[in-house]
Amino acid sequence: MKAPSPRSPRRLLLVGVVLVAIAAFVQACGGSPGTAVDSPAPSADDGPAPAFEIVAENNAYDINAIAVPAGTPFTIMFSSKDLGDFHDIDIRAVDKQTEIQGQKVVGGGESITYEYDGLPAGTYVFICSVHPVPEMTGTLTVK
């Protein structure tokens with residue numbers, strides 16, 4: 001009987017290390033759909049603005065809550081996967097009617113980076129002006 005090649009355990013170990021690295025990278029890049037996402041606290045050197053990625057698919061946002069520091073501008077990289085439909089992400093007061101900062105509507109298959117001015121501390125909503133349904137409404141916490 002022939003002994004197994006000494007290379008086999010090394011390959012298995014390498015595959016395990018690669019899988020752990022991929023899992024760590026995916027976890028570090030963001031939350032799962034429908035989760036809240038906090039931006040990091042601003043640094044002393046006032047680095048880049050907090051940035052979020054939100055996707056619209058099946059007339060629903062994949063994230064339903066974000067948080068940013070008060071007075072800090074932020075961006076949302078928005079992608080609409082609903083072909084033949086239009087969406088946007090407006091910032092409104094909690095009454096969902098009073099617009100704080102509106103944005104350009106984009107078509108399905110398009111992506112855009114929205115820039116928002118810093119806001120006073122408080123709770124706001126982000127909402128699609130075309131489809132103001134619960135699935136396309138989220139909470140913006142400014143602290």
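Draft legend 1. Broad picture of the overall build of the protein chain. When you go through the protein chain residue by residue, the secondary structure sums to one helix and eleven strands. In the protein chain, the succession of α and β elements from N to C terminus is α-β-β-β-β-β-β-β-β-β-β-β. Expressed as a percentage of its 143 residues, the buried residues of the protein chain come to 31%. Counting only contacts in the protein chain whose residues sit at least 6 apart along the sequence, the fraction spanning at least 24 positions is 63%.

Draft legend 2. Geometry of the confidence of the model for the protein chain. In this model, the protein chain carries a mean pLDDT of 80, and residues with pLDDT of at least 70 account for 67%. Below a pLDDT of 50 lies the segment residues 12–45, which in the model reaches 28 contacts outside its immediate sequence neighbourhood of four places, other chains included.

Draft legend 3. Region of interest: the nonpolar core. Ranked by size, the top nonpolar core spans 22 residues in total, and within it Tyr61, Phe74, Ile76, Phe78, Ile89 and Leu140 carry the most contacts. Of all the secondary structure elements, the ones that give two or more residues to this core are β2 (51–56), β3 (63–68), β4 (74–80), β9 (111–116), β10 (122–127) and β11 (137–142). Once residues within four sequence positions are removed from consideration, Ile76 is found in contact with Phe52, Ile54, Ile66, Ile89, Ile112, Thr113, Tyr114 and Tyr116.

Draft legend 4. Examining the pairing of β10 more closely. In this sheet, β10 lies alongside strand β6 (residues 90–92) in antiparallel orientation, the contact comprising three bridges. Of the residues in β10, the one forming a bridge with Arg92 is Val125. Taken together, the six bridges between β10 and β11 define a ladder with antiparallel strand orientation. Within the sheet, the bridge partner assigned to Gly122 lies in β11 and is Val142.

Draft legend 5. Expanded view of the sheet that holds β4. Reading across the sheet, the three strands line up as β2-β4-β9 and stay open at both edges, with mixed pairing between neighbours. Bordering the open sheet on either side are β2 and β9, each of which pairs with just one other strand. Across the sheet, the mean angle separating the axes of adjacent strands is 25 degrees when strand polarity is ignored.

Draft legend 6. Structural context of the pattern of salt bridges. Within this structure, the stated rule accounts for one salt bridge. Of the charged contacts, one joins Arg92 and Asp90 as a salt bridge, the two residues approaching to 4.0 Å between their closest N and O atoms. As far as burial versus exposure is concerned, Arg92 and Asp90 are alike and both buried.

Draft legend 7. Region of interest: the environment of Ser129. Structurally, the position occupied by Ser129 is in the loop between β10 and β11. In this structure the C-alpha to C-alpha distance between Ser129 and Gln97, which are 32 residues apart in sequence, comes to 9.7 Å. Excluding its chain neighbours within four sequence positions, the residues that come into contact with Ser129 are Asp88, Asp90, Arg92 and Val105. Among the polar contacts made by the side chain of Ser129, one reaches the side chain of Asp88 at a distance of 2.6 Å.

Quick notes on the rules
- Residues numbered from 1 in each chain as written.
- Predicted model: local features only at pLDDT ≥ 70, side-chain atom pairs only at ≥ 80, totals over all residues.
- Heavy atoms only, no water.
- Helix = DSSP H or I, 4+ residues; strand = E, 2+ residues; numbered from the N terminus.
- Buried < 20%, exposed > 50% of the residue type's maximum accessible area, 1.4 Å probe, protein only.
- Contact = heavy atoms within 4.5 Å.
- pLDDT = per-residue confidence, 0-100.
- Core = buried A, V, L, I, M, F, W, Y, C linked by side-chain atoms within 4.5 Å.
- Pairing = 2+ DSSP bridges.
- Axes fitted to C-alpha atoms, helices over the stretch in contact; angles between N-to-C directions.
- Salt bridge = Lys/Arg side-chain N within 4 Å of Asp/Glu carboxyl O.
- Polar contact = N/O pair within 3.5 Å; in protein donor to acceptor, adjacent residues only side chain to side chain.

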